[in-house]
Amino acid sequence: MRAAVYYGKNKLEIEDVPEPTPGEGQVKIKVSRNGICGTDLHEYYDGPIFIPPTDPHPLTGRCLPLTLGHEFSGVVTEIGPNVTDIREGDRVTIEPIYRCGECRPCRTGHYNLCNVIGFHGLMADGGMAEYTVVPSNQVHKLPDSVSLEMGALVEPMSVAYHAATLGEVNDQSRALIYGAGPIGIGLWFALRGMGLTEIDVVEPSETRRRSIEALGARTLDPTKQDVTALIADRTNGNGVDAAFDAAGVAPAVQSALECLGERRPLISVAIYEKPLPTPLINLVLRERRIQGTICYTAADYSAVIKLMAKGHYNTTGWVDDVPLTNVIDQGFEQLRAGQKMKLLVDPTT
């Protein structure tokens, strides 16, 4: 079968590799689509970062080289021993977290914070291939009303949904999102799914503003508008109930903290490549707080899949396919150049 095998910085090869066979507690998936994540880009252009270069990961026993891909969906084609709740032919999406089940985060239900966490496609051969094998506890079945293409988006949309829940909002809340990339779009969908109607998306890129506006979002251009003053005016000086940083730049963090109401959270969703100056006085004087967020749990997957089954998510204008054979030129390079928003790899082409 064909697979995108990662060997290190700037070295990703489309190779013929043996088809995997499921072991005990595992299932084999024929991959339909695999989303290219920002993490994949970081690994290719700057890595290895999360992928173990030489020391095998304690939960998977794997290190370089390995197949990329952790955002994917497909059809179950083979069942390993002692798998009882999954059948061949099931249409599924994958929650790619490996966890120990023994550390305190795992024992308390927060396995997304496992002390030795691993990810399919980063610490094990992933979904940027025709087939892959996963533990059965990573499998979520898709209802008939959710396409396999949409199923490949459950992982990034669950990242956003988990972040949205940490904002502690309700249908009467007002929220502010910084960044209109895929996670910013996912945050908007998640908050809308929670009943919020007063949401502003702050995005300097005209292309990205147009993309999310086409979905129905209300945007602000921080290069032309005084976001802090505008939010103060709209809220009678009270500020928003939650802000979400999916931009990862210092101006976004500063603006978000200025726009928050008292005792309200800024949820940090972005991956910060460099240290940022943070005006902590804006937290102190109004008892605001910064809340980190990472990944998701099965509850977030279930919530996103239920919303998808209702037709809540719309991929028009921001999601495209790319063939596995041209994943670098038409995939990684176009995403890095900002020419595409979200790309799903088709391993059959």
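For the structure itself, look to the data block above.
Residues numbered from 1 in each chain as written. Predicted model: local features only at pLDDT ≥ 70, side-chain atom pairs only at ≥ 80, totals over all residues. Heavy atoms only, no water.

On to the layout of surface pockets. Over the atoms, a rolling probe the size of a water molecule traces out where space has been left empty. When its volume is computed, the second largest pocket comes out at roughly 400 Å³. Arg62, His120, Ala124, Asp125 and Val133 are, among the 26 residues lining the second largest pocket, the residues nearest its centre. Taken together, the elements giving at least two residues each to the lining of the second largest pocket come down to strand E4 (66-67), strand E7 (97-98) and strand E9 (131-135). With four residues, the single largest contributor to the lining of the second largest pocket is E9. Across the lining of the second largest pocket, the residue classes break down as 14 nonpolar, eight polar and four charged. (1 Å grid on protein atoms, 1.4 Å probe; cavity = no way out; pocket = protein on both sides within 12 Å on 5 of 7 lines; lining within 4 Å. Points joined across faces, edges and corners; volume = space filled by probe spheres on them. Helix = DSSP H or I, 4+ residues; strand = E, 2+ residues; numbered from the N terminus. Nonpolar A, V, L, I, M, F, W, Y, C, P; charged D, E, K, R; others polar.)

Right, let's get into a nonpolar patch on the surface. A cluster of nonpolar residues, Leu113, Ile271 and Ile294, forms a patch on the protein surface that exposes about 280 Å² of accessible area. Topologically, Ile294 is positioned in the loop between strand E16 (289-292) and helix H10 (298-309). (Patch = residues over 30% accessible without salt bridge, like charges linked within 9 Å, V, L, I, M, F, W, Y side chains within 5 Å. Areas by Shrake-Rupley, 256 points an atom, 1.4 Å probe, with all protein chains shown as cover. Salt bridge = Lys/Arg side-chain N within 4 Å of Asp/Glu carboxyl O.)

Another aspect to go through is the environment of Thr278. Turning to its location among the elements, Thr278 is positioned in the loop between strand E15 (265-268) and helix H9 (281-284). Between the C-alpha atoms of Thr278 and Thr77, which are 201 residues apart in sequence, the distance is 50 Å. Those residues in contact with Thr278, other than ones at most four positions away along the chain, are Val253, Leu257 and Ile290. (Contact = heavy atoms within 4.5 Å.)

Right, let's get into the nonpolar core. Formed by 74 residues in total, the largest nonpolar core has its most connected members in Leu12, Ile36, Trp188, Leu191, Met308 and Phe332. Broken down by element, the residue count for this core peaks at seven residues, all from helix H4 (residues 154-166). Those residues within four positions of Leu191 in sequence are excluded, and the remaining contacts are Ala164, Val169, Ala175, Ile177, Leu196, Ile199 and Phe244. Formed by 16 residues, the second largest nonpolar core is a distinct cluster that contains Val240, Ala243, Ala256 and Leu257. (Core = buried A, V, L, I, M, F, W, Y, C linked by side-chain atoms within 4.5 Å. Buried < 20%, exposed > 50% of the residue type's maximum accessible area, 1.4 Å probe, protein only.)

This next bit is on the packing of aromatic side chains. All chains considered together, the criterion is met by five aromatic pairs. Between the aromatic rings of Tyr44 and Phe332, the centroid separation amounts to 5.4 Å while the plane-to-plane angle is 85 degrees, which identifies the pairing as edge-to-face. One end of the pair, Tyr44, is in helix H1 (residues 38-46); the other, Phe332, is in helix H11 (residues 327-336), and 288 residues separate them in sequence. Each residue in the set Tyr44, Tyr45 and Phe332 is aromatic and connected to the rest through ring pairs, giving one cluster. Sitting over the ring of Tyr131, Lys28 keeps its end group 4.6 Å from the ring centre. The lysine or arginine in question, Arg336, covers the ring of Tyr45, its NZ or CZ lying 3.9 Å from the ring centre. (Phe/Tyr/Trp six-rings, centres within 6.5 Å; stacked < 30°, edge-to-face > 60°. Lys NZ or Arg CZ within 6 Å of the ring centre and 35° of its normal.)

Time to look at the pairing of strand E18 (residues 342-346). Taking burial as the measure, the five residues of E18 include five buried ones, the bulk of the element. Alternating positions in E18 separate into two faces, Lys342, Leu344 and Asp346 on one and Leu343 and Val345 on the other, with burial throughout. In this structure, strand E3 (residues 26-35) lies alongside E18, joined through two bridges in antiparallel fashion. What sits directly across from Asn34, in E18, is Val345. Where strand E17 (residues 319-323) meets E18, five bridges bridge the pair, whose relative direction is parallel. Considered in E18, the bridge of Asp321 is made with Leu344. In this region the chain leaves E17, passes through H11 and returns to the parallel neighbour E18; the handedness of that crossover is right-handed. (Pairing = 2+ DSSP bridges. Right-handed = clockwise from strand over helix to strand, strands pointing away.)

As a further point, take the sheet that holds strand E2 (residues 11-16). Spatially, the three strands line up as an open sheet ordered E2-E1-E4, and their pairing is antiparallel. Where the open sheet ends on each side, the last strands, each with one partner, are E2 and E4. The pairing of strand E1 (residues 2-8) with E4 spans two bridges and is classified as antiparallel. In the strand pairing of E4, Val5 is matched with Thr67.

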